[in-house]
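Each chain is listed here by its residues.
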Amino acid sequence: MAEEELVFWFEELGREDNDVVGKKCANLGQMTRMGLAVPPGFAISIGMYERFIRETGTDEEMKIYVRGLGDLKGSGISVFDDMSRTLRSLIEGKEMPPSIMESIAAFYSELCRKTGIEDVAVSVRSAGTESRPGMFETYLNVRGIEDVLEKVKKVWASAYTARAVAFRVNKGFGVLGDELGVAIPKMVNARASGITFTVDPVTADDSKILLEANWGLGEGVVSGAESVDGFVVDKESLEIVGRHVGNKVKCVVYTKDGADWADVPAHMQGMACISDEEIVEIAGVAKSAEKSLGGPQDMEWAIDQDLAFPGSLFWLQTRPAKVAAKKKVSASSHIADLIARKFGRG
Amino acid sequence: MGQDMMKLWDSIPGFDFNPEIDLPELNSWFFDGTHSVPLLTPMYAWHWIRHCGHGSQYSAEVLSMPRYKGFTFRDHEGATYIGMRIVRDEAEIAERTEKFKEALIPWIEDFDGIWAKNRQELLSMYDKLKAVDLDKASNIDLLHHLWDMISAHRRMWEIHFLGMNVSYAAFLLLEDLVKPYGLTSESPEFQNMFRGFDNYVFKVDKKLWELGKDAVSMGLEDIIMDNPVEKVIGKLEESNAGKEWLKKLHNFLDVDGWRMVRMMDFDEPYWLEDPSVVIPPIKAFVKKGGDYDLDGMTKKLAQGREKAIADLLAKVPKDEKPWFEALIMLGGKTGSYSEEHDLFCELHCHAVQRRGFLGIGRRLAAAGTIDKPDDIWFLNPDEVERVLGAPEFHKLQYIANRRRKRWEEIRFSQVPPVHTTRANIQEAVGMDLLPSADAIIIKIVVGELPRVRPELKADIYGVCGSPGEAEGPARVIMTYGELDQVQKGDILVCPGTNPAWTPVFGLVKAVVSDRGGTLSHTAIVGREYGLPTLVNTFTGTSTIKTGQRIKVNATEGTLYILDK
């Protein structure tokens, strides 16, 4: 009997595969389908995780452990820390069954062959069926099949970080849950990375496209901790109508076995990290993505230093932009408060 | 046996007003003069007493209204009395307040979107009911239809109250917040902020006006103006031009004819059923003459609104502006929702039900169970259910005829404005009405009480629904059927109005109503037409006689009878 397919190339996937491979993988597939330049890579389905815990007996062990826990309502963080340690080590401590190992390894070596790089550097990213930003782990700059397999297990186990367990318990979902898919794209050897909004998330102005960018990997922009470059592009004419070059003292770069913050060399701190040509290209692609997805987008991209423009631009994520949520909610809840105060107590 | 047995059926089991039980429970029961004048038929009262009360309770629960669990109705021979279920426990109020806040947010952010969805739900419910072929349906099919209509009516009231409670709550809050800027709900600067919204009611009026204009240009003016209303259509059918005009009328009614003449009862026809009922408003438009520039009028009012809002916002501290403006927008829904929901809720639903009940009435009359189809209004659904499976075995004349006789005797009689254990109506209002903070009851159904100012020596005091002064001959109109008596330049004196009455607002100089508050239909439409409007006079129709010259000063809340 043919074995069920549990690993897929991104280009085999689309939005409809959300429940099979998790949101991030399905998105990367959808982006590939739309013709966006996505780093090559593959996705490990949630079914594979299920097979892993079944074949290693981990599912039974976790169930037995949870049954012994009793009522968790109102538990302190130390309880969740303990649970997290136990559950994660149950997963991470298992040997990967050979058949699972082989099917992942087959895709990884094919990726190495396709890119022409031995032990090609990839990122190993969690992909839940629902978006839970910052809840699960992602590993950057992973090289070689052994490391990849190790990090896949760690991503699976990250469904049991203390914060994830506490979240589920407090929401009444139960301790066990959030089975994860895993996205494994080739690392972009990023000179600069950034995010692009096709609508102003604060003022809801949709006539402009906004870019934020920093040297190095995207994590140096997304975290919002450091001063970055900002650009405004007119959506209609694709002219650059605003620019702010930030004082970029830190950025995220590769280390030997991952990625970390590093100092930006002095002469590069006050220099725009992307060229006008790149800005216009990014804005143009974002504009057409917005059109084909039918709504404003919040997108992540990176520029590979080893490749020539425009082949150097890669798209890592796109999702519907959340607009003016902060401003709108505060006016609405203020009104709700006032009405409630008038008609009730408070 | 006779008398005692019959008592069991009268007339809305479980909801008949019983002072011994009801007064100790809720202390005060307020007469709903806005909706139960003339007094209601038993069939309508059965639906209204249950489902309108249920709608209020449903909405209070879903929104978790802090001090209020909705009202409950009691019926006394077609007169509706309202009892307010006021939450008085402070801990419970605090708990409900928290949930209330959350429940409000979606409405604040997307009132129009939620209303559009609910409106769609209603329309698809009505479509299913209209699809039933009443004359081919079996008795059992009709019984199912009866139950389906009851469910639809109940759901209609649930939807009705959600939108009302939210928009009116915002309106009441605004009233408080504008006080520091020297405004009250009766001041023009305040009322101007809520005028000139796009409103389907006015679009229908515009179509009626166009029909009137067509009639004039097709040379049909004399036929329409000189014949009694019920003869007009017959006369029109005699000429080609008349036939052509009637075709236009029918095209209009196919779209907009699911609309009752009387909003809160089943006993008068809907437009599509009896096209002659739209003759009076068309006559009113022809009498008025001139243009009906709806777009121009709305635009002008909208400009006035923008200015009123800008003037107020200019005085509001800068950091308060964003939410203040959003609140004004939400409060503005009171006007448009208040008018528009009537079309999609009561007027349409009741038309669909009237159609269904007349179908059932025909079946019962054919079987000899009642004498004529419209005797059905003097039964209640329990009684209909008892016989409908095989009506030929049963007689209901002993109930229907007795009730019809009684209703015809008393339908215009005056009833006490309140039954209460409190010392007087002011105390009843203060203790058993205002603490509910239910804007609907306070502002529409019962209304604010007029302020009597002896130094002004007025004959009648009322509440300002729309500011201004006017002097002219009074025209006392009790029902829609009398509306074609209204002449240009009259001052309309009436118990209250509903959307079917709007065309005469273009004809008169001022409006005076017995009941209704600053958010009643009369006040809202009076503002849209810029007419001096005095509401909640209580005694307007009983004191003033048609033809007397009267002077209305709505701004100060007074009315003078000049030739007594």
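1. Quick look at the overall build of chain A
- A tally of helices and strands in chain A yields twelve helices and 13 strands.
- Of all 346 residues assigned to chain A, the portion counted as buried reaches 39%.
- Across chain A, contacts joining residues at least 24 apart in sequence account for 65% of those joining residues at least 6 apart.

2. Concerning the overall build of chain B
- Counting its regular elements, chain B contains 20 helices and twelve strands.
- Residues classed as buried in chain B amount to 51% of the 564 residues present.
- When contacts within chain B are restricted to residue pairs at least 6 apart in sequence, those whose partners lie at least 24 apart make up 70%.

3. Observations concerning the interface of chain A and chain B
- Across the contact, 16 residues belong to chain A and 25 residues belong to chain B.
- Residue composition of the side of chain A that touches chain B, grouped by class: seven nonpolar, five polar and four charged.

4. Quick look at the sheet that holds strand β9 (residues 510-513) of chain B
All names here are of chain B.
- Spatially, the eight strands line up as an open sheet ordered β5-β12-β11-β7-β8-β9-β10-β6, and their pairing is mixed. Edge positions in the sheet fall to β5 (460-461) and β6 (463-466), since each of these pairs with one other strand and no more.
- Bridge count for β5 against strand β12 (residues 558-561) is two bridges, and the pairing is antiparallel. For Y461, the partnering residue across the bridge sits in β12 and is T558.
- On the sheet, helix α19 (residues 521-529) packs against β6, β9 and β10 (533-535) and is oriented at approximately 45° with respect to β6.

5. Looking at the packing of helix α5 (residues 77-92) of chain A against helix α8 (residues 162-171) of chain A
Residues and elements named next belong to chain A.
- The interhelical angle for the contact between α5 and α8, taken along N-to-C directions, is 115°, at an axis separation of 8 Å. Both α5 and α8 take part in a crossing whose hand is right-handed. Taking contact as the criterion, the partners of I77, F80, D81, M83 and S84 in α5 are, on α8, A162, V165 and A166.
- Of the residues contributing to the contact of α5 with α8, the split by class is six nonpolar, one polar and one charged.

6. Examining the sheet that holds strand β4 (residues 418-420) of chain B
Residues and elements named next belong to chain B.
- Reading across the sheet, the four strands line up as β2-β3-β1-β4 and stay open at both edges, with antiparallel pairing between neighbours. The sheet is open, and its two borders are formed by β2 (68-76) and β4, each paired with just one other strand. Looking at each pair of strands side by side, their axes are set apart by 25° on average, direction ignored.
- Bridge count between strand β1 (residues 28-31) and β4: three bridges; the pairing is antiparallel. Along β4, the bridge assignment pairs W29 with H419.

7. Notes on the packing of helix α7 (residues 200-217) of chain B against helix α10 (residues 240-256) of chain B
All names here are of chain B.
- Interhelical geometry of α7 versus α10 gives an angle of 175° and a closest axis separation of 10 Å. What the angle tells us is that α7 and α10 run roughly antiparallel. Listed contacts from α10 to V204, K207, L211, D214 and A215 of α7 are W245, K248, L249, F252 and D256.

8. What to know about unusual backbone geometry
- A cis amide bond, omega 0°, links A:F309 with the succeeding residue A:P310.
- Omega for the peptide link from B:V37 to B:P38 comes to -10°, which places this bond in the cis form.
- Along the chain, B:P38 turns up in the loop between β1 and α3 (42-62).
- Residue A:N141 is not a glycine yet carries a positive backbone phi of 55°.
- Among the secondary structure elements, A:N141 is positioned in strand β4 (residues 138-142).

9. Quick word on the environment of A:D81
Residue and element names in this part refer to chain A.
- Mapped onto the elements, D81 comes out in helix α5.
- Classification of D81 by C-beta neighbours within 10 Å gives partly exposed; the count is 14.
- Taking the C-alpha atoms as reference points, D81 and V165, separated by 84 residues in sequence, lie 9.0 Å from one another.

10. Observations regarding the environment of B:D382
- Within the secondary structure layout, B:D382 lies in helix α14 (residues 381-388).
- Placed 339 residues apart in sequence, B:D382 and B:M43 show a C-alpha to C-alpha distance of 10.0 Å.

11. Side note on α3(B)
Residues and elements named next belong to chain B.
- Here α3 contains 21 residues, and its C-alpha end-to-end distance of 30 Å stays within 8% of the 30 Å for a straight helix at 1.5 Å per residue.
- The buried count for α3 comes to 18 of 21 residues, which makes it a mostly enclosed element.
- One or two positions beyond α3, positive phi appears at S64, with a value near 55°.

12. Here we look at the nonpolar core
- If you look at the biggest cluster of nonpolar residues, it comprises 162 residues, and the most contacted ones within it are A:I339, B:I491, B:L492 and B:V508.
- Examining the composition of this core, we find that 15 residues originate from one element, helix α5 (residues 139-178) of chain B, more than from any other.
- Composition of this core by domain shows at least three residues from each of domain 1 (1-88 + 394-446) and domain 2 (447-561) of chain B.
- In this structure A:I339 touches B:L104, B:A169, B:A170 and B:L173, once residues within four positions along its chain are discounted.

13. Quick notes on the confidence of the model for chain B
- Across chain B, pLDDT averages 90, with 98% of residues at or above 70.
- For this predicted complex, the interface confidence score (ipTM) comes to 0.82, while the overall pTM stands at 0.63.

14. Thoughts on the confidence of the model for chain A
- Mean pLDDT for chain A: 87, with 95% of residues reaching 70 or above.
- Least confident of the elements in chain A is helix α9 (residues 219-222) of chain A, whose mean pLDDT is 75; most confident is strand β2 (residues 41-44) of chain A, at 96.

15. So, the pairing of strand β12 (residues 297-304) of chain A
Residues and elements named next belong to chain A.
- Counting buried positions along β12 yields six of eight residues, so the element is predominantly enclosed.
- Alignment of strand β6 (residues 190-197) against β12, held across seven bridges, turns out to be antiparallel. Following the sheet pairing, S193 is matched in β12 by A302.
- In terms of strand pairing, β12 meets strand β13 (residues 313-320) through seven bridges, oriented antiparallel. Each residue of the ladder has a partner; that of W301, found in β13, is W315.

16. Some words on the environment of A:D263
- Here A:D263 is to be found in strand β11 (residues 258-263).
- Through-space distance from the C-alpha of A:D263 to that of A:V253 is 9.4 Å; in sequence the pair is ten residues apart.

What counts, and where the lines are drawn
- Residues numbered from 1 in each chain as written.
- Chains lettered and ligands numbered in written order.
- Predicted model: local features only at pLDDT ≥ 70, side-chain atom pairs only at ≥ 80, totals over all residues.
- Helix = DSSP H or I, 4+ residues; strand = E, 2+ residues; numbered from the N terminus.
- Buried ≥ 20, exposed ≤ 12 C-beta atoms within 10 Å, placed from the backbone.
- Contact = placed C-beta atoms within 7 Å.
- Nonpolar A, V, L, I, M, F, W, Y, C, P; charged D, E, K, R; others polar.
- Pairing = 2+ DSSP bridges.
- Axes fitted to C-alpha atoms, helices over the stretch in contact; angles between N-to-C directions.
- Left-handed = near helix turned anticlockwise from the far one by under 90°.
- Parallel < 35°, antiparallel > 145°, perpendicular 65-115°, else oblique.
- Expected span 1.5 Å × (residues − 1).
- Core = buried A, V, L, I, M, F, W, Y, C linked by C-beta atoms within 7 Å.
- Domains from an automatic or database assignment.
- pLDDT = per-residue confidence, 0-100.

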